[in-house]
Amino acid sequence: MLELSIHRRQGCFNVDVDLAAGGGVTALYGPSGSGKTSVISMVAGLSRPDFGRIKVEDRVLFDSEAKIDVPPEKRRLGYVFQEARLFPHLDVRANLTFGMNRVPHAERHLSLGDVVEVLGIGGLLARRPAGLSGGEKQRVAIGRALLASPRILLMDEPLAALDPGRKAELLPFIARMAQRFALPILYVSHAMDEVLRLADTLVLMDNGHVAAAGPAEEILSRADLRHLTGHGEAGAVIQARVAYHDDNHGITGLSFAGGTLLAGRIDVAPGTLVRLRIHARDVVLATEAPTHVSVRNVLAGRVVSVTPGPGHIVDVMLDCNGAVIWSQITSLAQAHLRLTEGMRAFALLKAVTVAREDIADRS
Amino acid sequence: MFALTPLEIEALHLSLLVSGWAVAGSLPFGIACAWILARCEFYGKTLFDGLIHLPLVLPPVVVGYFLLVLLGRRGPVGAWLYDWFGITLAFTWKGAAIASAVISFPLMVRAIRLSLEGVDRGLEQAARTLGCGPLRTFFTVTLPLVAPGVLTGVILGFARSLSEFGATITFVSNIPGETRTLPIALYALTQVPGGDEAAMRLCAISVVVAFAALLTAEILARRVQARLRS
């Protein structure tokens, strides 16, 4: 879908990115100043690489050797900016159709009605951008980009300027839009919850370079990338399915490869596929199956690796019937339990620590 | 008492005609120059800026004389215009329009330039990613956004043209029915004995016209602003 090999020097900062993104949502994740926005703006043609090549589907958009540099208006890429950038002199409808009107009828693959429905902006059409809330503006901006029938959608931290409430309100729209219109999306973010919720493929950016790229679950579970994915965020990311709800106790059962996991009640229909993050610091280890404990989740597994981390913390990787669970324990605890690779162990996880924001609807 | 005399009607008509054409004719150039000053960096930009602002600081008589030398029937440009197109500018109302346009040009450019500098370039980038080339982006996004500035520029230019005297009288003289605009007619009246009452009447007309122009500008500007805000 998207193939990048670009180099650009910005002052004393170098952006050097080689990247191939497929369908679905590819998240470009990294701290501020890691070069994420530079990459996306070069793809859009708003800034120019010093040298390199950019290819979307079968079309070369930039090639410094072949002297190809397609201007932004001919690239047919949708761009959703951090600030919505709606045209203040046009009403919402005119904003939405602004790009659409430049696309020949035969090449329009989305209809105004569909986009308006999915984004829930039907009631806003006659209004002007100045009167919209931040979340509404961003939905209109997404709709405007979609209606230009782009080959790929570029989203530059579209939720970063919104307060948590608006953000929670907009995330489902983006997730739904990504599925409904089956459009490849390059999503720039420095917020883990967005990545968890949306990313199929994850590209970790560090200081202008790609540090790692691959399926999101795999990258987020890797211990060697914790300095980039965040130590506090360290843990396993697993796919699970909502098995049942127990309304008497406010519990939702989630089935995954390692068994069934109980979590606090979530509002997702049974059968729904979810992505679940289990923080390593929340996982307690035992070498024998405990009895008479309050912990509801006891997962049997085998120790795969024991890696000393910074500050007398030991990262332990457990294989629970094919599902990887990480645990962070003190070196003292490791010494007492004499935990070594290959041992049988149990991962203990309180249902209340599986928080709602760690479970992302992926259906 | 309030009925206008033929002389007054003639002067008023000429003033509006000359000012209208001065503004209409110079507007595209004004927008272009404002855009260049607001957006481009090039060697000699300060000189270019100074050249545009020169009529603002020069005595209008100097500008008028310069126009006469350049565009007069025997001037380098004037002779060429006459030989090839049969156009005469000196001592015609067209010449008066050109004199007014040159004098009011800096005011117009300043207003538009200020407005252009305030435009969010991000909106233009957004338009580009939505399939608009630079020219279409300018006309569909940039220009509507600077409409208040353009309006201010137009009104300032129009008002300055109405009051134009020095360059006009030097370049196109005082010809009844051709170049005798309100200020020139007024000046002529003050030079003859017993012209006081007629001069006062012309003063009153000038005030009314100028005030009407300012009021119209204010109302239009408010409307445009309201459109952008709500």
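Residues numbered from 1 in each chain as written. Chains lettered and ligands numbered in written order. Predicted model: local features only at pLDDT ≥ 70, side-chain atom pairs only at ≥ 80, totals over all residues. Heavy atoms only, no water.

(A) Examining the overall build of chain B more closely. Secondary structure summary: chain B contains 11 helices and 0 strands in total. Shown N-terminal to C-terminal, the secondary structure of chain B runs as helices and strands in the order α-α-α-α-α-α-α-α-α-α-α. Each of the three principal axes of chain B carries a C-alpha extent, and together these read 70 × 45 × 30 Å. Out of the 230 residues belonging to chain B, those deemed buried represent 44%. Contacts in chain B between residues at least 24 apart in sequence constitute 71% of all its contacts with a sequence separation of at least 6. About 12,300 Å² of surface is accessible on chain B, with carbon and sulfur atoms providing 71% of the total. Placing the 17 positive and 13 negative side-chain charges of chain B at their respective mean positions leaves the two points 8 Å apart. (Helix = DSSP H or I, 4+ residues; strand = E, 2+ residues; numbered from the N terminus. Buried < 20%, exposed > 50% of the residue type's maximum accessible area, 1.4 Å probe, protein only. Contact = heavy atoms within 4.5 Å. Areas by Shrake-Rupley, 256 points an atom, 1.4 Å probe, with all protein chains shown as cover. Lys, Arg positive; Asp, Glu negative; His and termini not counted. Charge placed at Lys NZ, Arg CZ, Asp CG, Glu CD.)

(B) Seen up close, the interface of chain A and chain B. The partner chain B presents 21 residues to the 20 residues of chain A that form the contact. For the pair chain A and chain B, the summed buried area comes to about 1,900 Å², and 64% of that belongs to carbon and sulfur atoms. By the criterion of area lost to chain B, the three top residues of chain A are E73, H89 and R102 of chain A, representing 32% of everything that side buries. Across the pair E73 of chain A and R128 of chain B runs a salt bridge, and its minimum N-O distance is 2.7 Å. (Buried area = accessible area lost by both parts, 1.4 Å probe. Salt bridge = Lys/Arg side-chain N within 4 Å of Asp/Glu carboxyl O.)

(C) Seen up close, helix 5 (residues 164-180) of chain A. Residues and elements named next belong to chain A. Counted at 1.5 Å a residue, the expected span for helix 5 with its 17 residues is 24 Å, and the 25 Å between its end C-alpha atoms agrees. Turning to helix 5, its buried residues are K167, L170, L171, F173, I174, A175, M177 and A178. On its buried face, helix 5 is in contact with strand 3 (25-29), helix 3 (112-119), helix 4 (134-147), strand 8 (153-156), strand 9 (185-189) and helix 6 (192-198). Looking one or two places after helix 5, you find A182, whose phi comes out positive at around 45°. (Expected span 1.5 Å × (residues − 1).)

(D) Looking closely at the sheet that holds strand 15 (residues 273-279) of chain A. All names here are of chain A. As summarised here, the arrangement of the 5 strands in space is 14-13-12-15-21, forming an open sheet in which the pairing is antiparallel. Strand pairing shows two members of the sheet lacking a second neighbour, strand 14 (259-264) and strand 21 (359-361), which therefore form its edges. Shown here is a sheet whose adjacent strand axes are inclined to one another by a mean of 40°, direction ignored. (Pairing = 2+ DSSP bridges. Axes fitted to C-alpha atoms, helices over the stretch in contact; angles between N-to-C directions.)

(E) Geometry of the packing of helix 3 of chain A against helix 5 of chain A. Residues and elements named next belong to chain A. Here helix 3 crosses helix 5 at 145°, and the two axes come no closer than 9 Å. Here D114, E117, V118 and L119 of helix 3 lie close against helix 5, whose contacting residues are F173, R176, M177 and R180. Across the contact of helix 3 with helix 5, the residue classes tally to 4 nonpolar, no polar and 4 charged. (Nonpolar A, V, L, I, M, F, W, Y, C, P; charged D, E, K, R; others polar.)

(F) A look at the domain arrangement of chain A. Residues and elements named next belong to chain A. Examined at the domain level, chain A breaks down into domain 1 (2-220) and domain 2 (235-361). Placing a centre on the C-alpha atoms of domain 1 and another on those of domain 2 gives a separation of 34 Å. Carbon and sulfur atoms supply 50% of the area buried between domain 1 and domain 2, which totals about 840 Å² over both sides. Notably, a salt bridge pairs R275 with E217, separated by 3.1 Å at the nearest N-O pair. Our enumeration of links across domain 1 and domain 2 arrives at 4 residue pairs in polar contact (both at pLDDT 80 or more). Elements represented by at least two residues in the side of domain 1 that touches domain 2 include exactly helix 6 and helix 7 (216-221). (Domains from an automatic or database assignment. Polar contact = N/O pair within 3.5 Å; in protein donor to acceptor, adjacent residues only side chain to side chain.)

(G) Main features of the pairing of strand 2 (residues 13-21) of chain A. All names here are of chain A. Every second residue of strand 2 is oriented toward a common face, the buried set being F13, V15, V17, L19 and A21 and the non-buried set N14, D16, D18 and A20. Relative to strand 2, strand 1 (residues 2-10) runs antiparallel, the two sharing 9 bridges. Bridge assignment links R9 to a residue of strand 2, and that residue is N14. Turn length for the strand 1-strand 2 hairpin, with the two strands adjacent in sequence and antiparallel, is 2 residues, and the turn residue G11 shows positive phi of about 65°.

(H) Fine view of the pattern of salt bridges. Within this structure, the stated rule accounts for 21 salt bridges over all chains. In this structure, the salt-bridge partner of E117 of chain B is R113 of chain B, at a minimum N-O distance of 3.1 Å. Residue E117 of chain B and its partner R113 of chain B are located together in helix 5 (residues 93-117), separated by 4 residues, close to a single helical turn. Taken together, the shared-partner salt bridges connect R48, D69 and R75 of chain A into one network.

(I) Layout of the packing of helix 1 (residues 6-39) of chain B against helix 10 (residues 182-190) of chain B. Residue and element names in this part refer to chain B. Remark: helix 1 packs on helix 10, axes separated minimally by 8 Å, with the N-to-C direction vectors making an angle of 140°. Considering their axes alone, helix 1 and helix 10 lie oblique with respect to each other. In this structure, helix 1 uses A11, L12 and S15 to contact helix 10, whose residues at the interface are L182, P183 and A185. The residue inventory of the contact of helix 1 with helix 10, partitioned by class, reads 5 nonpolar, 1 polar and no charged. (Parallel < 35°, antiparallel > 145°, perpendicular 65-115°, else oblique.)

(J) Inspection of the sheet that holds strand 18 (residues 313-320) of chain A at higher detail. Residue and element names in this part refer to chain A. The antiparallel open sheet is built from 5 strands, whose spatial order is 16-20-17-18-19. Pairing within the sheet leaves two strands with one partner each, and these edge strands are strand 16 (284-286) and strand 19 (323-330). Taken over all neighbouring pairs, the strand axes of this sheet differ in orientation by 45° on average, direction set aside. Two elements, strand 17 (residues 297-308) and strand 18, share 6 bridges in a ladder whose sense is antiparallel. Residue pairing for strand 18: V303 is matched across the bridge by L318.

(K) Examining unusual backbone geometry more closely. Residue and element names in this part refer to chain A. With a phi close to 55°, K67 is a non-glycine residue in the positive phi region. Turning to its location among the elements, K67 is positioned in the loop between strand 5 (59-63) and strand 6 (68-69). We classify K67 as exposed; its relative accessible area is 74%.

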